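In case you want the letters, here they are:
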Amino acid sequence: MFGLARSKSDQRVVQNGRVACPNRGGDVDIDVCATCEWLRGIDDDGGFRFARCRIDVLRSLPGYPPC
């Protein structure tokens with residue numbers, strides 16, 4: 001229910017256990033993604049899994065990238 005209010009711009013599709021990481025600049029294993037401090041959550045939407053990441057909002061912070 002609350003997923004409808006979430007922005008689609010922070011979603012990255014999980015395919016074959018891997019996800020495109022804006023932090024590392026490539027595909028990473030979902031287990032690596034799950035331990036990142038920038039991860040907001042992993043959701044299912046109509047049979048697709050998405051990782052939600054807040055990195056796009058916080059890119060200007062000191063210490064980027066955190067992972």
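Note: the structure precedes this text.
Residues numbered from 1 in each chain as written. Predicted model: local features only at pLDDT ≥ 70, side-chain atom pairs only at ≥ 80, totals over all residues. Heavy atoms only, no water.

**Section: the overall build of the chain**
Counting its regular elements, the chain contains 1 helix and 5 strands. When the helices and strands of the chain are read in sequence order from the N terminus, they spell out β-β-β-α-β-β. Across the 67 residues in the chain, those meeting the buried criterion constitute 30%. Of all intrachain contacts in the chain linking residues separated by at least 6 positions in sequence, the fraction that spans at least 24 positions is 43%. (Helix = DSSP H or I, 4+ residues; strand = E, 2+ residues; numbered from the N terminus. Buried < 20%, exposed > 50% of the residue type's maximum accessible area, 1.4 Å probe, protein only. Contact = heavy atoms within 4.5 Å.)

**Some points on unusual backbone geometry**
Although it is not a glycine, Asn 16 sits at a positive phi angle of roughly 55 degrees. With respect to the element layout, Asn 16 can be found in the loop between strand S1 (11–15) and strand S2 (18–21).

**Observations regarding the side chain of Asp 43**
Within the fold, Asp 43 resides in strand S4 (residues 39–45). With relative accessibility at 17%, the residue Asp 43 sits in the buried group. Here Arg 52 takes part through its side chain, which lies 2.5 Å from a polar atom of the side chain of Asp 43. (Polar contact = N/O pair within 3.5 Å; in protein donor to acceptor, adjacent residues only side chain to side chain.)

**Things to note about the pairing of strand S5 (residues 48–53)**
The pairing of S1 with S5 spans 4 bridges and is antiparallel. Each bridged residue has a counterpart across the sheet, and for Val 14 the counterpart in S5 is Arg 49. Taken together, S4 and the strand that follows it, S5, pair antiparallel across an intervening segment of 2 residues, in which Gly 46 is found at a positive phi of about 65 degrees. (Pairing = 2+ DSSP bridges.)

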